[in-house]
Amino acid sequence: MRALTWHGKHNVQVDTVPDPQIVNPRDAIIKVTSTAICGSDLHLYDSMIPSMSNGDILGHEFMGVVEEVGSRSTLKVGQRVVVPFVIACGSCFFCGKQQYSACDNSNPADKSDLSEVAYGYPAAGLFGYSHLTGGYAGGQAEYARIPYSDVGPLVIPDGIEDEKVLFLTDIFPTGWMAAENAEIEPGDTVAVWGCGPVGLFAIKSCLLQGAGRVIAIDHLPRRLELAKANGAEVLNYHEVKVREALTEMTAGIGPDACIDAVGMEAHGFSPDNILDAVKQETKLGTDRQHVLRETIMACRKGGRVSVPGVYGGIGDKLPIGAFMQKGLTIKTGQTHVQKYLPKLLDLILEGRLDTTDLISHILPLERAAEGYKNFHDNPNEWTKVVLKPH
Amino acid sequence: MSQTPPSTDADVHSAAFLDQDRVEGEHEAASVRAAMINRPREELYAYWRDLSNLPAFMENVKSVEALSQDRSTWTIAGPAGIDVELTSEITEDRPGEYIAWTATEESDVDHEGWIEFRDNAFGRGTEVRLFISYDPPAGVIGKLAAKVMQREPRIQARRDLRRFKQLMETGEIPTSQAPDAAPRADRHL
């Protein structure tokens, strides 16, 4: 089959690779009909995530049609499914608590050592996202093997196009959980850093969860426009001092909750960020956590900070005094996708939100490398890329 | 060990708390690992007690042949692609709770192990602790070779116990082995 594979920093290409096979009883093989490039794929593209290996298939946002099932899969050949980017067994302590992205079993034993060293406990398996999270092949391919297919995939009713449900795989539940972690009370003001796909879904979700007001922060005009069209007030950080603006707009109280939808590759020219960038470039191992610092500083006393943005390494210079003295709550984590799927599918079917407005380009899989390059280099125009493998 | 009474309730006498790079034990290489397994204690004990099941989740145990109720011959993938054989004898067996075994003198390697099953007091399943030790073949060179091949007891106990947990909790052992489980492009493209 054809698949998008990683060969080093800024080097991805579509190659011919072997077809995946059923290897375990709970497996299923799906024929991928749509797959998207995620902002977090750009961390792989930039070679910011350790333990990638030459030839790995990328992609963790994908859906398709069931092609083949193992003896213990509950799926049926021909069903349309969206596949959560988190692989979860459904039977461990963590899955029992619906903390699916903490699944204790989905990362193969021979791949778990690294995350156990880096994070203290082994990470769950994810599709197409380095060997730290299992070394599973991704879904930017013609076919994909789905482990524990009786737990993850959600069957989609006929008559609704792929583009409307594709983002159930990651960015919609990720934005939704980010809003949930912001513990929104009616009338709250929520500030969202980053108007990429996750930021946009966080804005939509905050408003659906009762926020009175969402203030979105970015510097790209097209992305700010999308945020505005979704009901957010916007701040361009190239034009204003963000913290002063937020204080002013909330008459001195500050946002009740702050969402970091940027993560480890924050842009901007604040002194802390330049120092972080130098350290990152010289492999000294710190993430660029400028946005996280800013959310902590900007958040009101007693407020909440929610972090859907991806971090992978070590942080420093966090304003720990502000965090403690203001009594903030921070919640974060990879998304427990499986927990949210039925409810979010209902919201889509009820027409409660537009899940397609962020898509800027639909390309055949063969042009995936071009999609990566442009999503990376021209983020203003390329806001979301969907790939069609067949 | 210190003469003062322990100030913590943790079982600090367990080998799991020893810094194995510094403390020399009876064996050259040993490890204890613990895992919470969300299955009944009796079921876990019964699966392990049928030693013919071991190759299903122990990476380097290629086969187990029962000689009697308590004795069995194990073929183990050793360093540098050489198989080693050992005859294992169960030295203690408390049904549902504990199994200990040791390699008999005619074995190629000096090996012993035990596994313990305890109910978690708060309903989280069964606490399983696995101890594996062995003196590898050909002394230091064998240990170096085992290290290279990632078959050191510490890694082995960790991975084998994880696979046991995965098999018991989910009915299968997850894998991302290329090419079938996880296809990939040729490394030399």
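Just so you know, these numbers come straight off a predicted model, no measurement behind them.

Rules used in this analysis
- Residues numbered from 1 in each chain as written.
- Chains lettered and ligands numbered in written order.
- Predicted model: local features only at pLDDT ≥ 70, side-chain atom pairs only at ≥ 80, totals over all residues.
- Helix = DSSP H or I, 4+ residues; strand = E, 2+ residues; numbered from the N terminus.
- Buried ≥ 20, exposed ≤ 12 C-beta atoms within 10 Å, placed from the backbone.
- Contact = placed C-beta atoms within 7 Å.
- Nonpolar A, V, L, I, M, F, W, Y, C, P; charged D, E, K, R; others polar.
- Arc of directions from axis to C-beta.
- pLDDT = per-residue confidence, 0-100.
- Pairing = 2+ DSSP bridges.
- Axes fitted to C-alpha atoms, helices over the stretch in contact; angles between N-to-C directions.
- Domains from an automatic or database assignment.
- Parallel < 35°, antiparallel > 145°, perpendicular 65-115°, else oblique.
- Left-handed = near helix turned anticlockwise from the far one by under 90°.

Q: Lay out the overall build of chain B in plain terms, naming residues and giving numbers.
A: Assigned secondary structure in chain B consists of 4 helices and 7 strands. Going from N to C terminus, chain B has its helices and strands arranged as β-α-α-β-β-β-β-β-β-α-α. A buried classification covers 31% of the 189 residues belonging to chain B. In chain B, the share of contacts with a sequence separation of at least 24, taken over all contacts with a separation of at least 6, comes to 46%.

Q: Which residues make up the interface of chain B and chain A, and what values do they have?
A: Between chain B and chain A, the residue contacts involve 27 residues of the former and 37 residues of the latter. For the side of chain B that touches chain A, the element with the highest residue contribution is helix α4 (residues 153–170) of chain B, accounting for 8 residues. Each residue belonging to the side of chain B that touches chain A can be placed in one class, and the counts come to 9 nonpolar, 7 polar and 11 charged.

Q: Please give an account of helix α13 (residues 368–377) of chain A that cites residues and values.
A: An α-helical turn contains 3.6 residues, so a residue and the one three or four places further along point in the same direction. Residues and elements named next belong to chain A. Within α13 the residues assigned to the buried category are Ala368, Gly371, Tyr372 and Phe375. Down the axis, α13 shows its buried residues gathered within 100° of arc, on one side only. For α13, the secondary structure elements touched by its buried residues are β1 (2–6), β2 (12–16), β3 (28–37), α1 (39–45), β16 (361–364) and β17 (385–388).

Q: I'd like to hear about the confidence of the model for chain B, residue by residue, with values.
A: Residue and element names in this part refer to chain B. Put simply, chain B has an average pLDDT of 81, and 71% of its residues get 70 or more. Mean pLDDT in chain B bottoms out at helix α3 (residues 139–148), which sits at 58, and peaks at helix α1 (residues 41–49), which reaches 97. Taken as a whole, residues 19–25 scores under 50 in pLDDT and shows 4 contacts with residues more than four places along the chain or in a different chain. Interface confidence in the predicted complex, given as ipTM, is 0.91; pTM for the same model is 0.91.

Q: Run through the sheet that holds strand β10 (residues 189–193) of chain A, naming residues and quoting values.
A: All names here are of chain A. The 6 strands lie next to each other as β12-β11-β10-β13-β14-β15, forming an open sheet whose pairing is parallel. Two strands close off the open sheet at either side, each with one partner strand: β12 (233–236) and β15 (329–332). Adjacent strand axes in the sheet meet at a mean angle of 20° when their direction is disregarded. Here strand β14 (residues 304–307) runs beside β15; their pairing, made up of 4 bridges, is parallel.

Q: Outline the domain arrangement of chain A, listing residues and values.
A: All names here are of chain A. Segmentation of chain A into domains returns domain 1 (2–170 + 335–388) and domain 2 (172–332). For domain 1 and domain 2, the distance between their C-alpha centroids amounts to 25 Å. With 25 residues of domain 1 at the interface, the matching set in domain 2 holds 21 residues. Here the side of domain 1 that touches domain 2 takes 4 residues from helix α12 (residues 337–349), the largest share from any one element. Per-class residue counts for the side of domain 1 that touches domain 2 are 11 nonpolar, 8 polar and 6 charged.

Q: Can you tell me about unusual backbone geometry, naming the residues and giving the values?
A: Here Ala178(B) and Pro179(B) are connected by a cis peptide whose omega angle stands at 0°. As for its position among the elements, Pro179(B) is in the segment after α4. Phi angles above zero are rare outside glycine, and Gln98(A) is one such case at about 60°. Within the secondary structure, Gln98(A) sits in the loop between α2 (93–96) and α3 (113–119). We note that Ser130(A) has phi near 80°; this positive angle belongs to a residue other than glycine. Summarising the element assignment, Ser130(A) is placed in the loop between β7 (125–126) and β8 (143–146). Note on Ser130(A): 24 C-beta atoms within 10 Å, which makes it buried.

Q: I'd love a proper account of the packing of helix α8 (residues 242–249) of chain A against helix α10 (residues 290–298) of chain A, names of residues and values included.
A: All names here are of chain A. Interhelical geometry of α8 versus α10 gives an angle of 30° and a closest axis separation of 10 Å. With respect to each other, α8 and α10 are oriented roughly parallel. α10 is crossed by α8, and the crossing has right-handed handedness. Side by side, α8 and α10 meet where Val242, Arg243 and Leu246 of the first sit next to Glu294, Met297 and Ala298 of the second. The residue inventory of the contact of α8 with α10, partitioned by class, reads 4 nonpolar, no polar and 2 charged.

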